[in-house]
Amino acid sequence: MQLLDGKYLSGVLVEEVKVRVAQLTEKGAKVPGLVALLVGENPASQSYVRNKMKLCEKVGFQSKTIRLNADISQEDLLLEVKKLNEDQNVDGFIVQLPLPKHINETEVTLAIDPKKDVDGFHPINFGKMAQGLPCFLPATPFGILQFLERYNIDVSGKKCVVLGRSNIVGSPISILLSRKATPGNATVTLCHSRTKNIEKYTQEADIIVAALGIPNYLKADMVKEGAVIIDVGINRIEDASRKSGYKLVGDVDFESVAPKSSFITPVPGGVGPMTVMSLIMNTMLAAENR
Ligand code: GUN
């Protein structure tokens, strides 16, 4: 069993992005810039955005978080998006999700200029991704592809099972793994809450991507010997022995599954850091495209 180490790999990619920043600025271009719109006080969202900003600093980007009250109107939020679309100093920006209940998330996503949509959430980017055209890939799937590529994991012709069909992970990674590309060319099965006998699919899989948001869902008896396990879950579960009162666990029961796997991502320290790094790489790309 080999760990797919997101902290290590993102460290390697940080150095690569630093070189690209230097190459860009040597040509007289400005330093790449990322902005995050953070609405309300969701603790997980605050922590994610903090990590994104920290990584910007590390690679030498300009970065800014715009904090907005949870009671902001749809109209005012759309105005903030418009301002960022028009701001020449901003190469890319994200609107951290989830948004408060009264906000229409789809409308906000549609308002983002696809050229600045470094989260890759806009349907224009999703459509381009599905057709194999140059685009911003959604951050988590992009991070998963980086793992497969950089650890030389053979995907072509393999049986992949994706658990979960979200717009930002399950659905796009199932498309990406089946594309005629490298990594890709896999035979992909997308399982979800209505799938019967999920274990029948997972037991046959060479590669499993677990993105359903159920703590420790995937157990050892559901995977075959030598499978590659990508755990996208980040679940906070109560842990009174910790100062924070919680601990993070994935969708994979790591302890039992790890010994059977050939490669596995830990939680934390696996897909999480790679997701943040993908956002940085998309912002780099946005700056280079300009
Ligand atoms: N909420 C959970 N994951 C993400 C992400 O990748 N981007 C944004 N904007 N919000 C999220």
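J.: Outline the layout of surface pockets, supporting the account with residue identities and numerical values.
T.: Its boundaries defined by the atoms lining it, the largest pocket holds a volume of some 1400 Å³. Taken together, 48 residues form the lining of the largest pocket, with Y48, I234, G272, T275 and V276 sitting closest to its centre. Contributing elements (two or more residues each) for the lining of the largest pocket: helix 1 (6-26), helix 2 (43-59), helix 6 (139-150), strand 9 (235-238), strand 10 (246-249) and helix 10 (271-289). The dominant element in the lining of the largest pocket, judged by the number of residues it contributes, is helix 2, at nine residues. Here the lining of the largest pocket is composed, by residue class, of 24 nonpolar, 16 polar and eight charged. Here the second largest pocket defines a volume of roughly 400 Å³. Lining the second largest pocket are 21 residues, and of these P114, K115, K116, F136 and N289 sit closest to its centre. Mapped by element, the contributors of at least two residues to the lining of the second largest pocket are helix 5 (123-130) and helix 10. Partitioning the lining of the second largest pocket into residue classes produces nine nonpolar, five polar and seven charged.

J.: Let's hear about the nonpolar core: which residues, and what values?
T.: Grouped together as the largest cluster of nonpolar side chains are 54 residues, with contacts concentrated most on V17 and L177. Considering every element that reaches this core, the biggest residue donor is helix 10, with ten residues.

J.: Residue-level account of the sheet that holds strand 3 (residues 62-68), with values.
T.: Pairing within the open sheet is parallel, and its three strands lie in the order 3-2-4. The open sheet has two free edges, formed respectively by strand 3 and strand 4 (92-95), since each of these has just one partner strand. Across this sheet, the average inter-strand angle for adjacent strands is 15 degrees, counted without regard to direction. One ladder, built from seven bridges, connects strand 2 (residues 33-39) with strand 3; its direction is parallel. The partner of L37 across the bridge, within strand 3, is I66. Here helix 2 sits on the sheet and contacts strand 2, strand 3 and strand 4; the angle it forms with strand 2, its principal contact strand, is near 170 degrees.

J.: Lay out empty space enclosed by the protein with the relevant residues and their values.
T.: One pass over the full model with this rule turns up two cavities of 30 Å³ or more. Of the pockets and cavities examined, the largest cavity occupies roughly 60 Å³. Taken together, I94, V95, L97, V108, T109, I112, D117, D119 and F121 make up the lining of the largest cavity. Among the residues making up the lining of the largest cavity, the classes are represented as six nonpolar, one polar and two charged. Quantified by volume, the second largest cavity comes out at close to 30 Å³. Looking at the lining of the second largest cavity residue by residue, the class counts come to three nonpolar, three polar and no charged.

J.: Explain the packing of aromatic side chains to me, and be specific about the residues and the numbers.
T.: Under the definition given, this model contains two aromatic pairs. On the numbers, 6.4 Å between centres and 75 degrees between planes, the contact of Y151 with F263 is edge-to-face. Residue Y151 is found in the loop between helix 6 and strand 5 (159-163), and its partner F263 is found in strand 11 (residues 263-264); the two are separated by 112 residues along the sequence. A residue is classified by how much of its surface remains accessible, and Y151, at 14% relative accessible area, is buried. Put simply, the rings of F147, Y151 and F263 touch in pairs and so form one group of aromatic residues.

J.: Which residues make up the pattern of salt bridges, and what are the values?
T.: For the structure on display, the rule yields twelve salt bridges. When the shortest N-O distance is used, the salt bridge between K224 and D206 registers 2.8 Å. Of this pair, K224 sits in the loop between strand 7 (207-210) and strand 8 (228-231) while D206 is found in the loop between helix 8 (198-202) and strand 7, placing the two residues 18 residues apart along the sequence. When its relative accessible area of 31% is taken as the criterion, K224 is described as partly exposed. Across the pair D239 and R242 runs a salt bridge whose closest N-O atoms are separated by 3.1 Å. Residue class for D239 comes out buried when judged on its relative accessible area of 14%. Residue class for R242 comes out partly exposed when judged on its relative accessible area of 45%. Connected via shared salt-bridge partners are K30, D91 and R290.

J.: Lay out the packing of helix 1 against helix 10 in plain terms, naming residues and giving numbers.
T.: The description of two packed helices rests on the angle between their axes and on the distance between the axes. Put simply, helix 1 and helix 10 touch, their axes get as near as 9 Å, and they point 15 degrees apart. If you check the angle between helix 1 and helix 10, you find them roughly parallel. For the crossing formed where helix 1 meets helix 10, the hand is left-handed. In this structure, helix 1 uses G6, K7, L9, S10, L13, V14, V17, R20, V21 and L24 to contact helix 10, whose residues at the interface are P273, M274, M277, I280, M281, M284, L285, A287 and E288. Tallied by class, the residues present in the contact of helix 1 with helix 10 amount to 14 nonpolar, two polar and three charged.

About the cut-offs
Residues numbered from 1 in each chain as written. Predicted model: local features only at pLDDT ≥ 70, side-chain atom pairs only at ≥ 80, totals over all residues. Heavy atoms only, no water. 1 Å grid on protein atoms, 1.4 Å probe; cavity = no way out; pocket = protein on both sides within 12 Å on 5 of 7 lines; lining within 4 Å. Points joined across faces, edges and corners; volume = space filled by probe spheres on them. Helix = DSSP H or I, 4+ residues; strand = E, 2+ residues; numbered from the N terminus. Nonpolar A, V, L, I, M, F, W, Y, C, P; charged D, E, K, R; others polar. Core = buried A, V, L, I, M, F, W, Y, C linked by side-chain atoms within 4.5 Å. Buried < 20%, exposed > 50% of the residue type's maximum accessible area, 1.4 Å probe, protein only. Pairing = 2+ DSSP bridges. Axes fitted to C-alpha atoms, helices over the stretch in contact; angles between N-to-C directions. Contact = heavy atoms within 4.5 Å. Phe/Tyr/Trp six-rings, centres within 6.5 Å; stacked < 30°, edge-to-face > 60°. Salt bridge = Lys/Arg side-chain N within 4 Å of Asp/Glu carboxyl O. Parallel < 35°, antiparallel > 145°, perpendicular 65-115°, else oblique. Left-handed = near helix turned anticlockwise from the far one by under 90°.

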